[in-house]
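# A structural walkthrough
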Amino acid sequence: MGDRLPEGWSARSREKVAGRGKRADAAIEVSAANGDSSLLLVEVKRNVESRDVPELARRLRELGTELEPPPDAAMLAAQYLNPSARERIVEEGLNYADATGNLYLALEEPALFVRDTGASRDPWRGPGRPRDSFRGPIAARVVRALLDFAPPMTVPTLIERSEVSTGAGYRVIDFLERQDLVERQPRGPITRADWRGVLERWARDYELNLAEAADTFLAPRGLRSLWERLSGVEESGYLLSGSAAAAYYEEYAQARMAMFYADDPQRFAERLDLRPVESGANVLLVRPADPVVYARAQEREGIRIAAPSQVAVDLLNGPGRAPVEAQALLDWMERNESAWRR
Amino acid sequence: MNRPGDAELPVRTRAALLDALEALEGQLDALIVIGAQALYMHAGEADVAIPPETKDADLSVDRDRLQDEPLLDEALASAGFHRDLEHPQPGGWFNSDGIPVDLMIAEAMAGPGARERRGARVPPHGRGSMRRTRGLEASIVDNDQVEIGAIGDSGDKRSFQARVAGPGALLVAKLHKIGERSENPTRLQDKDAHDLYRLLVAVPTPALAETVRRLLVHSFSRGVTEQALSHFERLFAAGPAALGSEMAGRAEAGVGSPDVVSAAVAALAADLLEAVGRSSGGLGGS
């Protein structure tokens, strides 16, 4: 709000505005250039619908009479206020502000009128409900970008790197904040991300159960011979993940099982002489649900390897010993953060 | 001997082979290196979970090239080789380091005598100088001249030009060993099936098929090769649950991936049979 005021005006938060055991959510002192000031009582809500406004207004007026010092005006603040709620708030003689930039501030003494327009649709809600999990490709894209790039990072930058729509991106970031997995300055950049926590939480919600989604194959001469064959063929629609990919990053990893994403698993299997088997598989082929798995892939010795964050989530959801191998990879990622985070 | 324990066993075993070739230099033309040493030369680098096990040196004797002198027994004894005095075996010797060296001969060359009689009759060589073994006929047909020297950094400078059995001969010999013992399962060793898997992983199918076709054409090796392929079909190509496939997998229990090995050896066996035109619906590829 501070940067929307006219030249010479200022706004600062005032502590200790309270009375008879009641407190305001916030109180802001708005000062004109000549030093005159107005005390603004602020009520903060996550969501405000227009039907809620009359009752909120009544409670604010009541609270105002009980506080010391008494406020000169009152404001409703929320993450997002829709147009009809904004209209109703003004009708009730209140001011408003939301996190998308919608602002209405009308003061009598000193006289001030500021009005600004932000989003006209709730970027956190959009057509859907607020997120309650990291399921699906949108979350995967945002989480992968959050993991692969070190903070600080502005939200628009994260959304751009994620290649998701603004609204959908905001909903994932909102969920990350609510889970206390990232910290953001108010309306500012992401300053901290608990990347290991994000990864483990994402893996729990990840819809891909690899043991069920994968087709199982046998490379009868073992994986080393498969690598030789793979680096020799012109093949682009694939990506190596799982423990065999982890072995390219973390030297102690043992590659016994190769997990590939392949756009066309059948064709991939034929080109590499993989045999479909019920038991004794050493190769898993999965058709990717979203191209995000290919994001920030690397090429090593002629083989396309998934980024460490993708390998880790696949191992966490993988069969057999894979989850144990995931922990070893995560430990490596912790020790070598600069090696895999940009 | 720079390193203690099993790690140096391949080095000591190779030295025992060189001891034998040196002792029998006068008969070198009649000797063919077979068994673990030959497998090690063809498939020592194969991508499998357990290292090759070479704890003895086996030689196949080609009767057609064997001279009357020097006598095998005398040559070995005078070079410091000794017999197992408690359990003497035809053809069985130990070098001064205690590593076993076995002289064997293809059954078709072993002279008169029932199959149960294990010593060969090849005068003037002694009755206990060679052990008759079915399946070694293939080693007479499929072998290559190889320069054989020491391995590791033992400082041993000896080197011999000698014949080493080819992969087809090793396949046939190993299949006879497993096939004969499959009728007496207490004598079966999982390692023998795993050796076969190692060979199949290391040698490309077309090359192995080429050798096997040659063995099928040659009258001296045709019979044993036909029989070996029928063992191969029944014990391996029939699928991952066939006796030989299971044995190969079991050899990796605890250190490797038994299921993968069983499936892989069955698939590779079916591939080879198909490549030599003996496919009869093995399940290995499905």
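Per chain, the residues get numbers from 1 upward, laid out in the order the sequence is written. Chains carry letters and ligands carry numbers; both start at the beginning, A for chains and 1 for ligands, and go up in the order they are written. Per-residue local features of the predicted model are confined to residues with pLDDT of at least 70, and side-chain atom pairs are confined, for both listing and counting, to 80 or more; whole-chain, interface and lining totals are unaffected and use all residues.

## Considerations on the overall build of chain A
Put simply, DSSP H or I for four residues or longer makes a helix, DSSP E for two residues or longer makes a strand, and each gets a number counted from the N terminus. When helices and strands are tallied, chain A shows 13 helices and 18 strands. Our radius of gyration looks at C-alpha atoms and nothing else; its globule reference is 2.2 Å times the residue count to the power 0.38. Computed over its C-alpha atoms, the radius of gyration of chain A comes to 27 Å, more than 25% above the 20 Å expected for a compact globule of 342 residues. With respect to the three principal axes, the spread of C-alpha positions in chain A is 85 × 35 × 35 Å. Counting over 342 residues, chain A shows a buried share of 43%. Note on contacts: each residue gets a C-beta atom placed from the backbone, and two residues are in contact if those atoms are within 7 Å. Contacts in chain A between residues far apart in sequence, at least 24 positions, make up 59% of those at least 6 positions apart. Here exposure depends only on C-beta density: within 10 Å of a residue's C-beta, 20 or more other C-beta atoms make it buried, 12 or fewer make it exposed, and intermediate numbers make it partly exposed, the C-beta atoms being placed from the backbone.

## Topic: the overall build of chain B
The helix and strand inventory of chain B stands at 10 helices and seven strands. For chain B, the C-alpha radius of gyration of 19 Å lies close to 19 Å, the compact-globule estimate for 286 residues. When its C-alpha atoms are laid out on the principal axes, chain B stretches across 55 × 45 × 35 Å. Within chain B, the fraction of its 286 residues that count as buried is 49%. In chain B, the proportion of contacts linking residues at least 24 apart, taken out of those at least 6 apart, comes to 70%.

## Description of the environment of B:Leu24
All names here are of chain B. By secondary structure assignment, the location of leucine 24 is in the loop between helix H1 (9-23) and strand S1 (31-34). Leucine 24 gets classed as buried once you count the C-beta atoms within 10 Å, which come to 23. C-alpha separation for the pair leucine 24 and glutamate 74, spaced 50 residues apart in sequence, amounts to 9.6 Å.

## Overview of the interface of chain B and chain A
Quite often, the size of an interface is put as the accessible area lost when its parts meet. Listed as interface residues are 13 residues of chain B and, on the opposing side, 12 residues of chain A. For the side of chain B that touches chain A, the element with the most residues is helix H10 (residues 258-275) of chain B, which contributes seven residues. Across the side of chain B that touches chain A, the residue classes break down as eight nonpolar, three polar and two charged. The nonpolar class holds Ala, Val, Leu, Ile, Met, Phe, Trp, Tyr, Cys and Pro. Asp, Glu, Lys and Arg form the charged class, and all remaining residues, Gly among them, are polar.

## Overview of the nonpolar core
We call a set of buried Ala, Val, Leu, Ile, Met, Phe, Trp, Tyr and Cys residues a nonpolar core when their C-beta atoms link them within 7 Å. By size, the foremost hydrophobic cluster in this structure holds 163 residues, and its most contacted members are A:Leu218, A:Phe260, B:Val265 and B:Ala269. Looking at this core element by element, the count peaks at 12 residues for H10(B). Beyond its immediate stretch of four places on either side in the chain, A:Phe260 contacts A:Tyr238, A:Leu239, A:Leu240, A:Phe268, A:Val283 and A:Leu285. Counting 27 residues, the second largest nonpolar core, distinct from the first, contains A:Ala24, A:Ile28, A:Leu81 and A:Ile89.

## Focus on the domain arrangement of chain A
As far as domains go, chain A holds domain 1 (2-116), domain 2 (136-205) and domain 3 (210-340). Source of the domain bounds: an automatic or database domain assignment. Computed over C-alpha atoms, the centres of domain 1 of chain A and domain 2 of chain A are 31 Å apart.

## Observations concerning unusual backbone geometry
Residue and element names in this part refer to chain A. Of note, the bond from glutamate 68 into proline 69 is cis; its omega dihedral lies within 30 degrees of zero at -5°. Assignment of secondary structure puts proline 69 in the loop between helix H1 (53-66) and strand S6 (73-81). A cis amide bond links proline 151 to the next residue, proline 152, at an omega of 5°. Positive phi is not limited to glycine here, since aspartate 180 has a value of about 60°.

## Things to note about the sheet that holds strand S4 (residues 26-31) of chain A
Residue and element names in this part refer to chain A. On the basis of which strands lie adjacent, the open sheet formed by seven strands has the order S1-S4-S5-S6-S7-S8-S9 and mixed pairing. Strands at the two margins of the open sheet, each flanked by one partner only, are strand S1 (10-13) and strand S9 (112-116). Put simply, the sheet's adjacent strands are angled 25° from each other on average, direction ignored. DSSP calls a pair of strands paired once it identifies at least 2 bridges connecting them. The sheet contact formed by S1 and S4 spans four bridges and is antiparallel. Note that in S4 the partner of arginine 12 across the bridge is glutamate 29. Here an axis means a line fitted to C-alpha atoms, over the contact stretch when the element is a helix, while the angle between two N-to-C directions is reported on a 0 to 180 degree scale. On top of the sheet, H1 reaches strand S5 (37-48) and S6; it is set at about 145° to S5, its chief contact.

## Some points on the domain arrangement of chain B
Residues and elements named next belong to chain B. When its domains are assigned, chain B resolves into domain 1 (5-165) and domain 2 (168-275). Relative to domain 2, the C-alpha centre of domain 1 lies at a distance of 22 Å. On the domain 2 side, the residues contacting the 25 residues of domain 1 number 29 residues. Within the residue set of the side of domain 1 that touches domain 2, elements represented by two or more residues are helix H2 (35-43) and helix H4 (137-141). Per element, the largest residue contribution to the side of domain 1 that touches domain 2 is five residues, and it comes from H4. Residues of the side of domain 1 that touches domain 2, tallied by class, amount to 15 nonpolar, four polar and six charged.

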